[in-house]
Amino acid sequence: MSAPAEDCLFCGIVAGDIPAEVLHRSERSVAFADINPAAPVHVLVVPARHIESAATLEAEDAEELADLLRTAREVARQRGIADSGYRLVFNVGADANNTVAHLHLHVLGGRAMTWPPG
Ligand code: 5GP
Ligand code: ZN
């Protein structure tokens, strides 16, 4: 595994140096509660290895990406939203309000979502 990126908030959470409500750890991913939830269930799933964003994914990151999706499915099941439904989001860049430069998959659920998003 590559070394954590310096000053990366989510590398700090993965390493346990920064406190978070960790809900699930898989072979390659860590899932934790979003500190500012936008829905009754709002979980972030991140690769344990530092990958900057969905826009910088390379072929060599395929296992991480597959594990993120499997972990999101497991989190949805654990949090009881697998049947009611949920939204999976990768924000990229300024217009999408991407604020943390460590790839993270938002798992949002527990209420009906509007479409299109704001
Ligand atoms: P983005 O806008 O980059 O897609 O999402 C970043 C998410 O990280 C936001 O939903 C924000 O609430 C969450 N976040 C920011 N800082 C922290 C933190 O220190 N701990 C946790 N658990 N979530 C955070
Ligand atoms: Zn990182």
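Above this note sits the structure.
The rules we used
Residues numbered from 1 in each chain as written. Chains lettered and ligands numbered in written order. Predicted model: local features only at pLDDT ≥ 70, side-chain atom pairs only at ≥ 80, totals over all residues. Heavy atoms only, no water. Helix = DSSP H or I, 4+ residues; strand = E, 2+ residues; numbered from the N terminus. Expected span 1.5 Å × (residues − 1). Buried < 20%, exposed > 50% of the residue type's maximum accessible area, 1.4 Å probe, protein only. Donors = N, O, S within 2.8 Å, 3.2 Å for Na, K, Ca; no water. Tetrahedral: all angles 85-135°; square planar, octahedral: opposite > 155°, others 65-115°. Salt bridge = Lys/Arg side-chain N within 4 Å of Asp/Glu carboxyl O. Pairing = 2+ DSSP bridges. Axes fitted to C-alpha atoms, helices over the stretch in contact; angles between N-to-C directions.

1. Topic: helix α2 (residues 62-78)
- Over its 17 residues, α2 runs 24 Å from end to end, which matches the ideal 24 Å to within 8%, given 1.5 Å per residue.
- Within the sequence span of α2, burial applies to Glu 64, Asp 67, Leu 68, Thr 71, Ala 72, Val 75 and Ala 76.
- One or two positions beyond α2, positive phi appears at Gly 80, with a value near 80°.

2. Topic: the coordination of the zinc ion (ligand 2)
- Coordination of the zinc ion (ligand 2) by the protein comes from Cys 8 (SG), Cys 11 (SG), His 50 (ND1) and His 102 (ND1), over a distance range of 2.0 to 2.3 Å.
- Each of the four donor atoms bound to the zinc ion (ligand 2) contributes to angles spanning 104 to 116°, and the resulting shape is tetrahedral.
- Written as a sequence motif, the donor arrangement for the zinc ion (ligand 2) is C-x2-C-x38-H-x51-H. Highlighted residues: Cys 8 in the segment before α1 (9-15) and His 50 in the loop between β3 (41-47) and α2, separated in sequence by 42 residues.
- Residue class for Cys 8 comes out buried when judged on its relative accessible area of 13%.
- Given a relative accessible area of 22%, His 50 falls into the partly exposed group.

3. Focus: the pattern of salt bridges
- Taken as a whole and assessed by the stated rule, the structure comprises five salt bridges.
- Note that Glu 64 and Arg 28 form a salt bridge whose closest N and O atoms lie 3.6 Å from each other. Within this pair, whereas Glu 64 is found in helix α2, its partner Arg 28 is found in the loop between β1 (22-25) and β2 (29-33), the two being separated by 36 residues in sequence.
- Looking at Glu 64, the relative accessible area reads 6%, which means it is buried.
- Asp 61 serves as the salt-bridge partner of Arg 49, at 2.6 Å between the closest nitrogen and oxygen.

4. A short note on the sheet that holds strand β5 (residues 105-109)
- Taking strand neighbours across the sheet as the criterion, the five strands line up as β1-β2-β3-β5-β4 in an open arrangement whose pairing is antiparallel. Two strands lie at the open edges of the sheet, namely β1 and β4 (86-89), each paired on one side alone. Taking the axes of each pair of neighbouring strands and ignoring which way they run, one obtains an average angle of 20° across the sheet.
- Bridging between β1 and β2 involves three bridges; their strand directions are antiparallel. When the bridges of β2 are listed, Arg 25 appears paired with Val 30.

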